[in-house]
Amino acid sequence: RLAIMREIAEEYDVDGLELDFNRWAKHFQRHLGREKAPIMTAYMGQIDEMLKEAAEKRGRDHLILGVRVLGTLEECWNCGLDPKAWVKNGWVDYMVVCEPNCTWPMMHVEEFAAFTRGTKCELYAQMGDMMGGSWSGKPEIKDRGLAQSPAHKGYSGMLLTSEEAKAAAYNFYTWGAQGISFWNIACNMGHGLSLIHI
């Protein structure tokens, strides 16, 4: 994998790499995540060194390294990820705190803001096109008007309303996010979608 990343960084006209540890971050057995985290931290150090070498080879001052991480520090630990160490070592230019496949208005952005504030690492919160998740069983959500996907039932059909999107974004900014990163915006919902204006 490092060789693939090196090829991209050295041979293509990219500004850097984004590593997605959100989907799906199962690197170790969950009960061993915290114990195994130094393995992933060492790997991140190797990626940082590789990007520095690639930048020098291409005559660039810097190549960006961004990461997408799970929505709480505990979830990150369960997967063997230590984003605090990555920021402390100065390896990460931006971090996106994520909830898989949906917008979670109560995402723990403040946990990440506590250790990114005052560093070079910019902090973003991820928002998707749904307020719900991937659950498609009972109860079925109804009466959401244009915010209900005609092709999906249950929570997987709960498209964000403008008010929900604004409220979630307000939470994220209040808790320390410097911006919003969008995810899966209308990529799988088909026709008949309402647009979100924030």
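Quick notes on the rules
Residues numbered from 1 in each chain as written. Predicted model: local features only at pLDDT ≥ 70, side-chain atom pairs only at ≥ 80, totals over all residues. Heavy atoms only, no water. Helix = DSSP H or I, 4+ residues; strand = E, 2+ residues; numbered from the N terminus. Buried < 20%, exposed > 50% of the residue type's maximum accessible area, 1.4 Å probe, protein only. Areas by Shrake-Rupley, 256 points an atom, 1.4 Å probe, with all protein chains shown as cover. Core = buried A, V, L, I, M, F, W, Y, C linked by side-chain atoms within 4.5 Å. Contact = heavy atoms within 4.5 Å. Phe/Tyr/Trp six-rings, centres within 6.5 Å; stacked < 30°, edge-to-face > 60°. Pairing = 2+ DSSP bridges. Axes fitted to C-alpha atoms, helices over the stretch in contact; angles between N-to-C directions. Arc of directions from axis to C-beta. Right-handed = clockwise from strand over helix to strand, strands pointing away. Expected span 1.5 Å × (residues − 1).

Asks: Which residues make up the overall build of the protein, and what values do they have?
Replies: A tally of helices and strands in the protein yields 6 helices and 5 strands. Secondary structure of the protein in N-to-C order comes out as α-β-α-β-α-α-β-α-β-α-β. Expressed along its principal axes, the backbone C-alpha trace of the protein runs to roughly 55 × 40 × 30 Å. Taking all 198 residues of the protein together, the buried fraction comes to 45%. Surface accessibility of the protein: about 10800 Å² in total, with carbon and sulfur atoms responsible for 53%.

Asks: Can you break down the nonpolar core residue by residue, with the values?
Replies: Within soluble globular proteins, side chains that are nonpolar generally end up buried alongside one another. Residues M44, I47, V67, W86, M95 and F112 are the most contacted members of the largest nonpolar core, which totals 48 residues. Setting aside anything within four residues of it in sequence, one finds M95 in contact with V67, V69, P83, V87, F112, F115, C121, E122, L123 and Y124.

Asks: Before we move on, could you go through the packing of aromatic side chains and cite the residues and values that matter?
Replies: Within this structure, the stated rule accounts for 3 aromatic pairs. With 5.2 Å between their ring centres and 45° between their planes, F21 and W86 make a pair best called tilted. Of this pair, F21 sits in the loop between β1 (16-20) and α2 (33-57) while W86 sits in helix α4 (residues 83-88), and the two are 65 residues apart along the sequence. Measuring from centroid to centroid gives 5.9 Å for F112 and F115, while their planes differ by 55°, and the two rings are tilted.

Asks: How would you sum up the side chain of T41? Please name residues and give values.
Replies: Its location among the elements puts T41 in helix α2. Discounting chain neighbours no more than four positions away, the residues touching T41 are D82, A85, W86 and W91.

Asks: I'd like a rundown of the sheet that holds β1, residues and numbers included.
Replies: Taken in spatial order, the 5 strands line up as β1-β2-β3-β4-β5 in an open sheet, and their pairing is parallel. The open sheet has two free edges, formed respectively by β1 and β5 (179-182), since each of these has just one partner strand. The mean angle between the axes of side-by-side strands here comes to 25°, regardless of whether they run parallel or antiparallel. Two strands pair when backbone bridges link them, and strand β4 (residues 122-127) and β5 are joined in this way by 4 bridges, in the parallel orientation. Looking at the pairing, Y124 lines up with G179 of β5. Where α2 meets the sheet, it contacts β1 and β2 (64-70), and its direction lies at approximately 155° from that of β2. Docked against the sheet, helix α6 (residues 162-174) engages β4 and β5, running at close to 155° with respect to β4.

Asks: With reference to specific residues and values, describe helix α1 (residues 2-11).
Replies: Those residues of α1 that fall on the buried side of the exposure criterion are M5, A9 and E10. All buried residues of α1 lie within an arc of 120° about the axis, which places them on one face of the element. The exposed set on the far side of α1, more than 90 degrees from its buried face, consists of A3, I4 and E11.

Asks: Go over the pairing of β4 with me, naming the residues and quoting the values.
Replies: Sheet topology note: the strand β3 (residues 94-98)/β4 ladder contains 4 bridges and is parallel. Bridge pairing in β4 places V96 opposite Y124. Assessed by its sense of winding, the connection that carries the chain from β3 through helix α5 (residues 109-116) to β4 is right-handed.

Asks: Tell me about α6, and please be specific about residues and values.
Replies: In this model, α6 (13 residues) spans 18 Å end to end at C-alpha, consistent with the 18 Å of a helix rising 1.5 Å per residue. Turning to α6, its buried residues number three or more, namely A165, A168, A169 and F172. Buried residues of α6, viewed axially, fall in a sector of 100°; they line one side. When the buried face of α6 is taken as reference, the exposed residues oriented beyond 90 degrees from it are E163 and Y170. Along its buried surface, α6 packs onto α5, β4 and β5. Just downstream of α6, G176 is the residue with a positive phi angle, here 120°.

Geometric descriptors of this kind do not, in isolation, establish any biological role.
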